Amino acid sequence: MSDGKQYKPVGGVVAAELYSVRGLASPAQMAAGGGTAVEIADAGSSYTETFSLEEGRVRVEHLLVLRADAARAEAWFDESFIAACAEGVAARITLASGETLVAGWSPRFGFEQALRLRSLALRSGAEAVDEPHAELTLFSCDTARAAAADVAADSM
C-alpha cells in the first residue's frame, strides 16, 4: 500500500576521472581536473566493492563500470587510452550520493593494485529503444575499501 511518499533512490556513478598511475606518488597528486575526465551516460555506471575470504585472508574486489553514449566514448577506443587502462589507473569517482572516492589506491599497497582494464565493449543494444553505448570495466583487488577522496589525499 502506498503512503503517498515519492522518492528517487540515490545510486550510481555520476562522474569519473581517471589518472594513469605511472609517475603518481600519492593520491594528493590526483587533483580534480588533473586526470582524464570520462564523460559518462546519465545511467548505467556503477562502482562495486566485494569482500571475500580466500585462504584466511580478506580480499576486496573493486569493480568500476563506466557507461557512455557510443559517440561520446570514441576516445575510449584510442590505443593510448586502452594501454593506460591496461597498465593501471586510479579513479576519482563521484557517486550520486555526493560521496567522492579514490579507487585504484590503498594505504597498504599504494598504486600497486591499480584498476586495470577488464573489458571495453561497444554495444548496439538488444531492443529498438536501446541506445548504442560503450562500457568500460576496470577491476582491482586489495585488502581495503576505497578511501574517501579527502582521506586519501591526506594519507600520504
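All values reported here derive from a predicted model rather than from experimental measurement. (Residues numbered from 1 in each chain as written. Predicted model: local features only at pLDDT ≥ 70, side-chain atom pairs only at ≥ 80, totals over all residues. Heavy atoms only, no water.)

(A) View of the sheet that holds strand β4 (residues 57-69). Taken together, the four strands give an open sheet; going across it, the order is β3-β4-β8-β7, and neighbouring strands pair in antiparallel fashion. Whereas interior strands pair on both sides, the edge strands pair on one side only; in this sheet they are β3 (46-54) and β7 (116-123). Strand-to-strand twist across the sheet, computed as the mean angle between neighbouring axes with direction ignored, equals 15°. As paired strands, β3 and β4 are joined by nine bridges and run antiparallel to one another. Looking at β4, one finds that Phe-51 is bridged to Val-60. Against the sheet, helix α1 (residues 79-87) engages β7 and β8 (133-142), with an angle of about 140° to β7. (Pairing = 2+ DSSP bridges. Helix = DSSP H or I, 4+ residues; strand = E, 2+ residues; numbered from the N terminus. Axes fitted to C-alpha atoms, helices over the stretch in contact; angles between N-to-C directions. Contact = heavy atoms within 4.5 Å.)

(B) Up close: the packing of aromatic side chains. Applying the stated criterion across every chain yields a total of zero aromatic pairs. Note that Arg-118 overlies the ring of Phe-139, its terminal NZ or CZ placed 4.0 Å from the centroid. (Phe/Tyr/Trp six-rings, centres within 6.5 Å; stacked < 30°, edge-to-face > 60°. Lys NZ or Arg CZ within 6 Å of the ring centre and 35° of its normal.)

(C) Main features of the environment of Ala-134. Locating Ala-134 in the fold gives a position in strand β8. On the basis of relative accessible area, Ala-134 is assigned to the buried category, the value being 0%. Filtering out sequence-adjacent residues up to four positions away, Ala-134 remains in contact with Leu-66, Arg-67, Ala-68, Ala-70, Ala-73, Trp-76, Phe-77, Ala-121 and Leu-122. (Buried < 20%, exposed > 50% of the residue type's maximum accessible area, 1.4 Å probe, protein only.)

(D) Structural view of the nonpolar core. Membership of the largest hydrophobic core comes to 24 residues, with the highest contact counts inside it found for Leu-18, Tyr-47, Leu-64, Leu-66 and Trp-76. Taken together, the elements giving at least two residues each to this core come down to β1 (13-20), β4, α1, β5 (89-95), β6 (100-103) and β8. With four residues, the single largest contributor to this core is β5. The residues contacting Leu-18, other than those within four sequence positions of it, are Gly-35, Thr-36, Val-38, Phe-81, Cys-85, Val-89, Ala-90, Ala-91, Leu-136 and Leu-138. Counting residues in hydrophobic clusters, the runner-up holds eleven residues, among them Tyr-19, Val-21, Met-30 and Ala-90. (Core = buried A, V, L, I, M, F, W, Y, C linked by side-chain atoms within 4.5 Å.)

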